[in-house]
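Descriptive structure summary
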Amino acid sequence: MNLYDGSTDPYEHLNIFRTQMTLYTIDQTVRCKVFPTLLREGPLRWFTELPPNSVTSFNILETKFTTHYATSIPHCTSSMSLLNVKQEKGESLRAFMDKFKKVCMGIRNLNPDIAMHHLVSVILSGRFTESLIKRPPYNMDELRTREQPSSCR
(Lines give C-alpha, C1' and ligand atoms only; values in the text may rest on other atoms or scores of the structure.)
Protein backbone atom coordinates (compact mmCIF):
# COMPACT_ATOMS: atom_id res chain seq x y z
CA MET A 1 0.00 0.00 0.00
CA ASN A 2 1.20 3.51 -0.74
CA LEU A 3 1.76 5.91 2.13
CA TYR A 4 -0.87 8.66 2.29
CA ASP A 5 0.55 12.17 1.89
CA GLY A 6 -2.69 14.16 1.94
CA SER A 7 -2.80 14.90 -1.79
CA THR A 8 -5.25 12.22 -2.87
CA ASP A 9 -8.75 11.05 -1.98
CA PRO A 10 -8.83 10.04 1.70
CA TYR A 11 -11.82 7.73 1.06
CA GLU A 12 -9.84 5.82 -1.55
CA HIS A 13 -6.96 5.43 0.92
CA LEU A 14 -9.38 4.16 3.58
CA ASN A 15 -11.04 1.73 1.16
CA ILE A 16 -7.66 0.25 0.24
CA PHE A 17 -6.65 0.13 3.90
CA ARG A 18 -9.89 -1.60 4.97
CA THR A 19 -9.62 -4.11 2.14
CA GLN A 20 -6.02 -4.95 3.01
CA MET A 21 -6.72 -5.16 6.74
CA THR A 22 -9.63 -7.53 6.17
CA LEU A 23 -7.07 -10.08 5.02
CA TYR A 24 -5.46 -9.97 8.46
CA THR A 25 -7.93 -8.84 11.11
CA ILE A 26 -11.21 -7.11 11.81
CA ASP A 27 -10.03 -5.96 15.25
CA GLN A 28 -10.67 -2.19 15.48
CA THR A 29 -7.82 -1.62 17.94
CA VAL A 30 -5.31 -3.24 15.60
CA ARG A 31 -6.60 -1.12 12.72
CA CYS A 32 -6.10 2.04 14.80
CA LYS A 33 -2.52 1.00 15.54
CA VAL A 34 -1.66 0.01 11.96
CA PHE A 35 -3.29 3.00 10.24
CA PRO A 36 -0.59 5.58 11.09
CA THR A 37 2.09 3.32 9.63
CA LEU A 38 0.61 4.14 6.22
CA LEU A 39 0.76 7.91 6.66
CA ARG A 40 3.63 10.23 5.79
CA GLU A 41 4.59 13.85 6.28
CA GLY A 42 1.54 16.06 6.97
CA PRO A 43 -0.96 13.26 7.63
CA LEU A 44 1.46 11.53 10.01
CA ARG A 45 2.03 14.82 11.82
CA TRP A 46 -1.77 15.34 11.97
CA PHE A 47 -2.22 11.88 13.49
CA THR A 48 0.52 12.28 16.10
CA GLU A 49 -0.98 15.63 17.17
CA LEU A 50 -4.44 14.19 17.87
CA PRO A 51 -5.33 14.74 21.53
CA PRO A 52 -4.71 11.69 23.73
CA ASN A 53 -7.75 9.41 24.08
CA SER A 54 -9.63 11.30 21.33
CA VAL A 55 -9.82 8.17 19.16
CA THR A 56 -11.80 5.40 20.81
CA SER A 57 -12.61 3.38 17.68
CA PHE A 58 -11.53 3.03 14.09
CA ASN A 59 -14.84 4.57 13.00
CA ILE A 60 -13.97 7.74 14.90
CA LEU A 61 -10.48 7.75 13.37
CA GLU A 62 -12.00 7.40 9.89
CA THR A 63 -14.36 10.32 10.53
CA LYS A 64 -11.57 12.56 11.85
CA PHE A 65 -9.31 11.57 8.95
CA THR A 66 -11.86 12.15 6.17
CA THR A 67 -13.03 15.41 7.74
CA HIS A 68 -9.49 16.73 8.00
CA TYR A 69 -8.57 15.72 4.43
CA ALA A 70 -11.93 16.57 2.82
CA THR A 71 -10.27 19.15 0.57
CA SER A 72 -8.33 16.31 -1.10
CA ILE A 73 -11.51 14.62 -2.28
CA PRO A 74 -11.57 14.90 -6.08
CA HIS A 75 -14.24 17.09 -7.64
CA CYS A 76 -17.07 14.87 -8.83
CA THR A 77 -18.08 15.48 -12.39
CA SER A 78 -21.58 14.98 -13.69
CA SER A 79 -22.93 13.92 -17.04
CA MET A 80 -23.10 17.64 -17.88
CA SER A 81 -19.33 17.54 -18.41
CA LEU A 82 -20.01 15.49 -21.55
CA LEU A 83 -21.29 18.70 -23.15
CA ASN A 84 -17.68 19.84 -23.46
CA VAL A 85 -16.61 16.72 -25.34
CA LYS A 86 -16.94 16.96 -29.10
CA GLN A 87 -15.02 15.43 -31.96
CA GLU A 88 -13.07 18.19 -33.66
CA LYS A 89 -12.40 18.35 -37.40
CA GLY A 90 -9.21 16.45 -38.10
CA GLU A 91 -9.41 14.51 -34.84
CA SER A 92 -9.26 10.78 -35.39
CA LEU A 93 -12.05 8.54 -34.17
CA ARG A 94 -9.60 6.76 -31.86
CA ALA A 95 -8.36 10.02 -30.30
CA PHE A 96 -11.92 11.23 -29.80
CA MET A 97 -13.07 7.92 -28.29
CA ASP A 98 -10.10 7.94 -25.90
CA LYS A 99 -11.03 11.47 -24.81
CA PHE A 100 -14.70 10.52 -24.51
CA LYS A 101 -13.93 7.38 -22.44
CA LYS A 102 -11.67 9.33 -20.11
CA VAL A 103 -14.44 11.82 -19.33
CA CYS A 104 -16.99 9.01 -18.92
CA MET A 105 -14.75 7.16 -16.48
CA GLY A 106 -14.61 10.28 -14.31
CA ILE A 107 -18.40 10.42 -13.94
CA ARG A 108 -19.82 8.33 -11.12
CA ASN A 109 -22.98 6.37 -11.90
CA LEU A 110 -23.08 7.58 -15.49
CA ASN A 111 -26.23 6.39 -17.21
CA PRO A 112 -24.98 4.53 -20.32
CA ASP A 113 -27.98 5.75 -22.33
CA ILE A 114 -26.99 9.36 -21.68
CA ALA A 115 -23.39 8.67 -22.69
CA MET A 116 -24.39 6.89 -25.90
CA HIS A 117 -26.94 9.56 -26.83
CA HIS A 118 -24.34 12.27 -26.36
CA LEU A 119 -21.73 10.33 -28.29
CA VAL A 120 -23.97 9.92 -31.32
CA SER A 121 -24.82 13.62 -31.28
CA VAL A 122 -21.22 14.90 -31.22
CA ILE A 123 -19.26 12.43 -33.29
CA LEU A 124 -18.47 13.47 -36.84
CA SER A 125 -20.32 11.74 -39.65
CA GLY A 126 -18.80 8.57 -40.98
CA ARG A 127 -19.26 4.83 -41.15
CA PHE A 128 -19.05 4.43 -37.39
CA THR A 129 -21.76 7.04 -36.80
CA GLU A 130 -23.96 5.45 -39.46
CA SER A 131 -23.52 2.03 -37.85
CA LEU A 132 -24.59 3.49 -34.47
CA ILE A 133 -27.70 5.04 -35.98
CA LYS A 134 -28.65 1.89 -37.92
CA ARG A 135 -28.07 -0.42 -34.96
CA PRO A 136 -27.77 1.40 -31.61
CA PRO A 137 -25.53 -0.39 -29.11
CA TYR A 138 -27.22 -2.08 -26.16
CA ASN A 139 -24.61 -0.87 -23.66
CA MET A 140 -21.21 0.79 -23.32
CA ASP A 141 -19.36 -2.53 -23.63
CA GLU A 142 -20.90 -3.17 -27.03
CA LEU A 143 -20.12 0.40 -28.05
CA ARG A 144 -16.46 -0.05 -27.10
CA THR A 145 -16.29 -3.30 -29.04
CA ARG A 146 -17.87 -1.73 -32.12
CA GLU A 147 -15.58 1.28 -32.03
CA GLN A 148 -12.62 -0.93 -32.96
CA PRO A 149 -11.50 -0.17 -36.54
CA SER A 150 -12.32 -3.66 -37.86
CA SER A 151 -15.98 -3.27 -36.83
CA CYS A 152 -16.37 -0.08 -38.88
CA ARG A 153 -15.43 -1.65 -42.21
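Our subject is the structure that appears above.
Some details on the nonpolar core
One finds Phe96, Phe100 and Leu119 to be the most contacted residues of the largest nonpolar core, which totals 17 residues. Secondary structure elements with two or more residues in this core: helix H5 (93-105), helix H6 (112-122), helix H7 (127-134) and helix H8 (140-147). Once residues lying within four places of it in the same chain are set aside, the contact partners of leucine 119 are Phe96, Met97, Phe100, Leu132 and Leu143. By size, the runner-up hydrophobic cluster in this structure holds 14 residues, among which are Met21, Cys32, Phe35 and Leu61.

A short note on the environment of cysteine 32
With respect to the helices, strands and loops of the structure, cysteine 32 is situated in helix H2 (residues 28-34). Setting aside chain neighbours within four positions, we find cysteine 32 in contact with Phe47, Val55, Ser57, Phe58 and Leu61.

Considerations on the environment of tyrosine 11
Summarising the element assignment, tyrosine 11 is placed in helix H1 (residues 10-22). Overall, tyrosine 11 belongs to the partly exposed group, its relative accessible area being 41%. Between the C-alpha atom of tyrosine 11 and that of serine 72, which follows or precedes it by 61 residues, the distance is 9.5 Å. Residues in contact with tyrosine 11, not counting those within four places in the same chain, are Thr66 and Ile73.

Conventions used here
- Residues numbered from 1 in each chain as written.
- Predicted model: local features only at pLDDT ≥ 70, side-chain atom pairs only at ≥ 80, totals over all residues.
- Heavy atoms only, no water.
- Core = buried A, V, L, I, M, F, W, Y, C linked by side-chain atoms within 4.5 Å.
- Buried < 20%, exposed > 50% of the residue type's maximum accessible area, 1.4 Å probe, protein only.
- Helix = DSSP H or I, 4+ residues; strand = E, 2+ residues; numbered from the N terminus.
- Contact = heavy atoms within 4.5 Å.

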